[in-house]
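Coordinates in review
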Amino acid sequence: MEIPYTVTARPDTGLWNAKIGVWLFLASEVMLFGGLFSSYIFLRLGADYFWPIHELNVKMGCFNTAVLIGSSVTIVMAWAGVKMRNYKMYFWNLLITILCAFLFLSVKFFEYKAKIEHYGVVLKDGTILLGHQPEEGYRYKFNADAVTLNFKEADPAYFMRYATKAFAEHGGAHDEHGGAATPTLPIEGVKFKTEDGKVTTLATNDFLSLKAAAKEAKKDSVKLTPVEPIGFNVQLLPQRLASHSDKTLAFLDGTVVEGKMVSDKMELHVDVIDTRAAPDADKSMAWAIMKDAGWKHAFDEAREEHLKKFKESHPGDDPMKSDHYLREALRFEIHGETPAAHEANHKQGLGFFHDMPWAEHHYPTVQIEAKDIQRWSNFLPKWNTYYAIYFTITGLHGAHVLAGALVMLYFLVFNSRWFKTDPEHLANRVETGGLFWHFVDLVWIFLFPLLYLL
Amino acid sequence: MANSPEEVAKHVKTYLKVGIALLFLTAVTVWLSYVDFGTHSRNMTIGLAVATFKTSLVVLIFMHMNHERPLIYKFMLFSMLLLGVMFTLFVFVRDDGLLLKGYEAVFGKH
């Protein structure tokens, strides 16, 4: 059976059917994204923090905008190619469009990756330190005196993964076997003593007999003491602990370790010091953490420079009421563009691409005490509502880019032969796909300024 | 709507020009976002005005909305009306203590 009105117009609508279909679909897409843009407005108005501006990588966003605009031109050219019966023009333009779609997604991948690997630490006074964590992440180092297993959910394979030799007492984050290189102990190599003096390990068989013995004695937990001193070196992201204190660690399976916290310091390679939310930037906790007084000095110089600029361009205005000034002056970028930051950076080269993923920099490494931290996280939806709406809208948009690329790839592979047999039908298909593609471009035209620039 | 090969050939140059204009306007948007216009809502207005202009170029030229059948305009009219409603819902935050602070920061006290 032949499907009617794929090429000729239906008399009552005056349009071929797929065109009506795609426009109805686009109308519903307008509603979908419209709802999300509306949420954006509400989240922005309700934000109780400084809404990030120029915090995403503007160069990458700008590049991706150009990629989408370029592909919008090529898809319409591909359509024109069919209409003009020029196969080469059709084929190459459609192919370039598809490649642009995948280029866009690759750039987006690197942008997401950068956010997942970047951390923000809110200090107790509201100052925010931004930076990267060492490869092994943020870890608590804890020396164990006793381990209490709760048989209901106890899973030695999970918590024993963090067992190491005991830490030197004043080791801090930089003890002799700190970091990723900390050798974990094999589960069968750690011997424990039960309360009645028996020696056992937590390897599967031993654990099962411990469990059976406890069941016989009608107990649901057992307290073990390590025969040789051991420690736990626990990664905090993803969340591995239910709770902790100076004297205890509680794992998610209900296992409680008693002992002593050796180090709960976070190591961070700082790239931004944001003092906007601190009551007084000069007394921010960041300066004690940064140790080297040179950073405060560089911050002061950069701030003075911005103040001078502000007074020249807005005479009589209060700088503390200008978001622009606050962002420039109180949010200090270690690799910023101001001469002061540049100098503080020990005259390291600051090229045009200094903020790109492949650029390597030396960032000052600091140790932050757990007691000074209000909260910390990487830049995922849990950091703030801005990142929540950022990932929601760009994720949905990315899904559209992928879908569009697959549809166009289908046309290229399976429908190209129509160029000879049924070119008008092919032209209509490309036009339908193109309309969707322009819509995807159109959403991005708003997303780019709203999320990256404004 | 009649898209004869000759007519399409005439449009090809227009498509290229629009593409270049869109790239240029993207650069303008980025540049303007670094200019301090005094208040941030001014930056917002200017930036979104440029984005709206870019969008209309795409819709009118690339999506051929400058010469389309009436039925499609009717569809989009409904869409735009509902979109307008969604984008003006925020005026009600004046009655919401939680959101009011942000509202005043953007639009000023009244």
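Report on the accompanying structure. (Residues numbered from 1 in each chain as written. Chains lettered and ligands numbered in written order. Predicted model: local features only at pLDDT ≥ 70, side-chain atom pairs only at ≥ 80, totals over all residues. Heavy atoms only, no water.)

**Here's the deal with the overall build of chain B**
Scanning chain B from terminus to terminus reveals four helices and zero strands. Scanning chain B from its N terminus toward the C terminus, one meets helices and strands in the order α-α-α-α. Burial analysis of chain B (110 residues in total) assigns 35% to the buried set. In chain B, 48% of the contacts between residues at least 6 apart in sequence involve partners at least 24 apart. Element-wise, carbon and sulfur atoms account for 73% of the exposed surface of chain B, whose accessible area totals about 6,600 Å². (Helix = DSSP H or I, 4+ residues; strand = E, 2+ residues; numbered from the N terminus. Buried < 20%, exposed > 50% of the residue type's maximum accessible area, 1.4 Å probe, protein only. Contact = heavy atoms within 4.5 Å. Areas by Shrake-Rupley, 256 points an atom, 1.4 Å probe, with all protein chains shown as cover.)

**Details of the pairing of strand S7 (residues 221–226) of chain A**
Residue and element names in this part refer to chain A. Only one face of S7 is covered, namely the one carrying Val 222, Leu 224 and Pro 226; the face carrying Ser 221, Lys 223 and Thr 225 has none of its residues buried. The pairing of strand S3 (residues 139–150) with S7 spans four bridges and is classified as antiparallel. Paired with Leu 149 across the bridge in S7 is Val 222. Two strands pair when backbone bridges link them, and strand S5 (residues 192–193) and S7 are joined in this way by two bridges, in the antiparallel orientation. Residue pairing in the sheet places Phe 192 in a bridge with Pro 226 of S7. (Pairing = 2+ DSSP bridges.)

**Quick word on the environment of Val 256 of chain A**
Residue and element names in this part refer to chain A. With respect to the helices, strands and loops of the structure, Val 256 is situated in strand S11 (residues 256–263). According to the relative accessible area criterion, Val 256 is partly exposed, its value standing at 29%. Here Val 256 is in contact with Ala 146, Val 147, Thr 148, Thr 248, Leu 249 and Ala 250, once residues within four sequence places are set aside.

**So, helix H1 (residues 5–34) of chain B**
The first and last C-alpha atoms of H1 of chain B sit 45 Å apart over 30 residues, in line with the 44 Å expected at 1.5 Å per residue. His 11 of chain B marks the point of greatest bend in H1 of chain B, at about 25°. Turning to H1 of chain B, its buried residues number three or more, namely Val 8, Val 12, Tyr 15, Val 18, Gly 19, Leu 22, Leu 25, Thr 26, Thr 29, Val 30, Leu 32 and Ser 33 of chain B. Where H1 of chain B is buried, its residues contact helix H2 (58–83), helix H3 (87–117) and helix H12 (423–453) of chain A together with helix H2 (40–62) of chain B. (Expected span 1.5 Å × (residues − 1). Bend = angle between axes of the 7 residues up to and from the residue.)

**Side note on the pattern of salt bridges**
All names here are of chain A. Tallied over the full model, the rule gives 17 salt bridges over all chains. In this structure, Lys 113 engages Glu 117 in a salt bridge whose closest nitrogen and oxygen atoms are separated by 3.5 Å. On the criterion of helical spacing, the pair formed by Lys 113 and Glu 117 is a turn pair, its members being four residues apart in helix H3. Assessed through its relative accessible area of 36%, Lys 113 is described here as partly exposed. Between Asp 300 and Arg 303 there is a salt bridge whose closest N-O contact spans 3.3 Å. Residue Asp 300 and its partner Arg 303 are both found in helix H7 (residues 294–313); the two are separated by three residues, about one turn of the helix. Overlapping salt bridges bring together Asp 282, Lys 296, Asp 300 and Arg 303 as one network. (Salt bridge = Lys/Arg side-chain N within 4 Å of Asp/Glu carboxyl O.)

**Quick look at helix H3 (residues 70–88) of chain B**
Taking 1.5 Å as the rise per residue, H3 of chain B with 19 residues should run 27 Å; its terminal C-alpha atoms sit 27 Å apart, in good agreement. Along H3 of chain B, the residues that are buried comprise Ile 72, Phe 75, Met 76, Ser 79, Leu 83 and Met 86 of chain B. Seen along its axis, H3 of chain B keeps its buried residues to an arc of 85°; they face one direction. Those residues of H3 of chain B that are exposed and aimed more than 90 degrees away from the buried face are Pro 70, Lys 74, Leu 77, Phe 78 and Leu 81 of chain B. Elements in contact with the buried residues of H3 of chain B: helix H1 (17–46) of chain A. (Arc of directions from axis to C-beta.)

**Details of the packing of aromatic side chains**
All names here are of chain A. If you walk through the whole model with that rule in mind, you get 36 aromatic pairs over all chains. Between the aromatic rings of Tyr 49 and Trp 51, the centroid separation amounts to 6.1 Å while the plane-to-plane angle is 15°, which identifies the pairing as stacked. Consider the rings of Phe 109 and Phe 110, whose centres lie 5.3 Å apart with planes at 75°: the pair is edge-to-face. Against the face of Trp 383 rests Arg 375, its NZ or CZ located 4.7 Å from the ring centre. (Phe/Tyr/Trp six-rings, centres within 6.5 Å; stacked < 30°, edge-to-face > 60°. Lys NZ or Arg CZ within 6 Å of the ring centre and 35° of its normal.)

**A word on the side chain of His 314 of chain A**
Tracing the sequence through the fold places His 314 of chain A in the loop between H7 and helix H8 (323–330). Exposure remark for His 314 of chain A: the relative accessible area of 13% places this residue in the buried category.

**Details of the nonpolar core**
Counting 92 residues, the largest nonpolar core has Trp 23 and Leu 94 of chain A together with Phe 62 of chain B as its most contacted members. Looking at which element gives the most residues to this core, the answer is H12 of chain A, with 18 residues. Setting aside residues up to four positions removed in sequence, Phe 62 of chain B forms contacts with Ser 72, Val 73, Val 76 and His 438 of chain A together with Tyr 15, Val 18, Gly 19, Leu 22 and Leu 57 of chain B. One finds Phe 151, Ala 163, Leu 202 and Val 366 of chain A within the second-largest nonpolar core, a separate group that totals 59 residues. (Core = buried A, V, L, I, M, F, W, Y, C linked by side-chain atoms within 4.5 Å.)

**A short note on the pairing of strand S8 (residues 230–235) of chain A**
Residue and element names in this part refer to chain A. Within S8, five of the six residues are buried, which leaves the element mostly enclosed by the surrounding structure. Two strands pair when backbone bridges link them, and S3 and S8 are joined in this way by six bridges, in the antiparallel orientation. Along S8, the bridge assignment pairs Asn 143 with Gly 231. Taken together, the three bridges between strand S4 (residues 163–165) and S8 define a ladder with antiparallel strand orientation. Note that in S8 the partner of Lys 165 across the bridge is Ile 230.

**A short note on unusual backbone geometry**
All names here are of chain A. At Tyr 5, a residue that is not glycine, the phi angle is positive and equals roughly 60°. At Lys 218, a position not held by glycine, the phi torsion is positive, near 60°. As for its position among the elements, Lys 218 is in the loop between helix H5 (204–216) and S7. Note on Lys 218: relative accessible area 78%, which makes it exposed.

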